[in-house]
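Chain and residue survey
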Amino acid sequence: MESEGLTEGRATNVAQAAASKLSQMGERTKQLGNVIQDPERKKRIILVIVCVVLLLDNMLYMVIVPIIPDYLAALQKADDNAQAAAAVQHHSNSTNSTVPHRVAKNFDLQIGVLFASKAILQLLVNPLSGTFIDRVGYEIPLFIGLSIMFLSTLTFAFAENYASLFVARSIQGLGSAFADTSGIALIADRYTEEGERSKALGIALAFISFGSLVAPPFGGVLYEFAGKQVPFLILAAICLADGVLCLTVLKPFSNRERENMPVGTPMYKLMIDPYIAVVAGALIICNIPLAFLEPTIAKWMEQTMDATEWEIGMTWFPAFFPHVLGVFLTVKLAAKYPNLQWFYGAIGMVFIGASSCTVPACKNFGQLMIPLCGICFGIAFVDTALLPTLGFLVDVRHVSVYGSVYAIADISYCVAYAMGPVVAGQIVHDLGFVQLNLGMGLCNVLYAPALLLLKNVSEMKPSFSERNMLLEDGPTGLYDTIKMEQREKKRKGLCTTIDENGIETFVQGAYSEEESSGGEYT
């Protein structure tokens, strides 16, 4: 009996200890949830989520550069050997002599199409994704994009032929159209103060640069020593972790914050806005040198300076540091002189143009690093100055909903990177590498004065922004809905008065610009 009592006592103690631990864990989980939902902390966590998305997308975009050509060459070599053996077996010597030549002829075209497929599909999907983001908010498209990128990364890891690699690359473009656009738009939406927005977008651009420049050596080393699957599986694991964080913090499928969000301006109206068109054109022109040099510079280095494989692989890596420096300087300058954003963009385009023109004059690997660093430094100036400008233009000239306008920015990048692998090689073949660089440099220098059209953008003021009415917290009840209607009536020049009998009437009134912009009644 005593032993049974002791056993029951021990069981009770164990149960009580377990219940106590569960209670403590529940309390800690609750505290963690409160910490996560704190507005300022939540903004920083959202920035982390978006930065990881952009890092992953650009690493996946560039990690294939040292992997796929070698992998496809090995596949084709094995296929050639198999076909040659079959030809010998069937005494078909003519087939044996023509197949390798045909395969070699098509190899460069296959690589170019594979590399361009991501940007081409992203370019086609962006108009749809921008409109979708404006309708449902930013959280759901971000999670959809992350999920598609995860699927694309796994497909890359286990793909064993050209067709499956092409599918993986195209799927990535679909995911990027949702994830990149909604991520940048989400930053613009949560960071409403111009200085904060410039800083947050600058951090995001730094992650884009880091992903693009660190991916080739990351992929090349792991491919050499661990095989094709390992780099993609690592990226897939990071993507999965970011997706879980997105579900935990943003709760995309249970979030109702944006139900009362105003309908965004249609994309076609944004495209014909002259200020937005100027910014989009600048983003295309400034990214053309990078997009056109990436597929052509390796062959030129081999022909002119007998560059080794490691030199070609490390060509772009040092450019990461001036890119980050350019982002840092632009953010600091924008905080001090916010009315000169157009000037920073113009300076960046001149930098890009001058650097592009000096690339063909380089005689060795060390010299080549200098103009490439100049190109990336200039791109940092243009992107960091003009991406926040797009958000500001939407605030003051349209509706403060950012999906479509940043889809236009993404389209601008995609135009450059879709043309690069297909057009650049043909230009080099027909005109030469020197003429390609001189043309790109000249285009950037000649376009820079067009940014003078943005000179007065910082002086624009909204007469009445929907943000004041809806986007602060959104109407959460009858009282908020009534206040929202009162603000709209006030904007139209109607003042609400309530007489002694409690009857509401409207009288015409005169208001200052500050009051008509959404200020409270006095």
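Residues numbered from 1 in each chain as written. Predicted model: local features only at pLDDT ≥ 70, side-chain atom pairs only at ≥ 80, totals over all residues. Heavy atoms only, no water.

**Describing the overall build of the protein**
Tallying secondary structure elements over the protein gives 20 helices and two strands in all. In the protein, which comprises 522 residues, the proportion classed as buried is 48%. The long-range fraction of contacts in the protein, counting pairs at least 24 apart against all pairs at least 6 apart in sequence, stands at 82%. For the protein, the exposed surface amounts to about 25300 Å²; the carbon and sulfur share of it is 64%. (Helix = DSSP H or I, 4+ residues; strand = E, 2+ residues; numbered from the N terminus. Buried < 20%, exposed > 50% of the residue type's maximum accessible area, 1.4 Å probe, protein only. Contact = heavy atoms within 4.5 Å. Areas by Shrake-Rupley, 256 points an atom, 1.4 Å probe, with all protein chains shown as cover.)

**Examining the packing of helix α2 (residues 39-63) against helix α7 (residues 194-226)**
The interhelical angle for the contact between α2 and α7, taken along N-to-C directions, is 30°, at an axis separation of 7 Å. Here α2 is positioned roughly parallel relative to α7, judged by the angle of their axes. Here α2 runs over α7; the crossing is right-handed. Residues belonging to the contact of α2 with α7 are distributed by class as follows: 17 nonpolar, four polar and two charged. (Axes fitted to C-alpha atoms, helices over the stretch in contact; angles between N-to-C directions. Parallel < 35°, antiparallel > 145°, perpendicular 65-115°, else oblique. Left-handed = near helix turned anticlockwise from the far one by under 90°. Nonpolar A, V, L, I, M, F, W, Y, C, P; charged D, E, K, R; others polar.)

**Section: the packing of aromatic side chains**
Aromatic ring pairs: the centre-centre distance and the angle between the two ring planes describe each pair. As enumerated under the stated definition, the model contains ten aromatic pairs in all. Ring plane angle 50° and centroid distance 5.1 Å describe the contact between F377 and F381, whose orientation is recorded as tilted. One end of the pair is F377 and the other is F381, both in helix α15 (residues 365-397) and four residues apart, which spans about a single turn. Taking the relative accessible area as the measure of exposure, F377 reaches 13% and is therefore buried. Three or more aromatic residues link up through ring pairs in this structure, and these residues are F210, F320 and F321. The aromatic ring of Y191 is capped on one face by K43, whose charged end is 4.8 Å from the ring centroid. (Phe/Tyr/Trp six-rings, centres within 6.5 Å; stacked < 30°, edge-to-face > 60°. Lys NZ or Arg CZ within 6 Å of the ring centre and 35° of its normal.)

**Some words on the side chain of S176**
Residue placement: S176 occurs in helix α6 (residues 162-190). Contact partners of S176, with chain neighbours within four places excluded, come to D57, K118, Q122, T181 and D410.

**Concerning the confidence of the model for the protein**
Across the protein, the average pLDDT comes to 77, with 73% of residues at 70 or higher. A low-confidence stretch, residues 94-104 stays under pLDDT 50, and its non-local contacts, those more than four residues away or across chains, total seven contacts. Within the model, pLDDT remains below 50 along residues 463-484, and this stretch shows 44 contacts once partners closer than five positions in the same chain are excluded. (pLDDT = per-residue confidence, 0-100.)

**Details of the pattern of salt bridges**
Summed over all chains, the structure comprises six salt bridges. A salt bridge links K43 to E196, with the nearest nitrogen and oxygen atoms 3.3 Å apart. Here K43 is found in helix α2, whereas its partner E196 is found in helix α7, with 153 residues between them in sequence. Owing to a relative accessible area of 13%, K43 belongs among the buried residues under this scheme. A salt bridge links E139 to R190, with the nearest nitrogen and oxygen atoms 2.9 Å apart. One end of the pair, E139, is in helix α5 (residues 139-158); the other, R190, is in helix α6, with 51 residues separating them in the sequence. Comparing E139 with R190 shows no difference in burial state: the two are buried. Here the residues in one salt-bridge network are E139, D189 and R190, joined through shared partners. (Salt bridge = Lys/Arg side-chain N within 4 Å of Asp/Glu carboxyl O.)

**Things to note about the nonpolar core**
Generally speaking, soluble globular proteins have nonpolar side chains that are buried together. Membership of the largest hydrophobic core comes to 126 residues, with the highest contact counts inside it found for M301, L387, L390 and Y406. Take this core: its biggest share by element is 16 residues, from α15. Excluding residues that lie within four positions of it along the chain, L390 makes contacts with I276, V279, L283, V405, Y406 and A409. Counting five residues, the second-largest nonpolar core is a separate cluster that includes A334, F377, F381 and A385. (Core = buried A, V, L, I, M, F, W, Y, C linked by side-chain atoms within 4.5 Å.)

**Structural notes on the environment of Y275**
Within the secondary structure, Y275 sits in helix α10 (residues 274-293). Contacts of Y275, omitting those with residues within four sequence positions, involve L393, R397, L453, L454, V457 and M460.

**Section: α15**
For α15, which comprises 33 residues, the first-to-last C-alpha distance of 47 Å matches the rise-based estimate of 48 Å (1.5 Å per residue) to within 8%. Most of α15 sits inside the fold, with 28 of its 33 residues counted as buried. Residue N364 occupies the N-cap position of α15, its side-chain oxygen lying 3.1 Å from the main-chain nitrogen of G366. (Expected span 1.5 Å × (residues − 1). Polar contact = N/O pair within 3.5 Å; in protein donor to acceptor, adjacent residues only side chain to side chain.)

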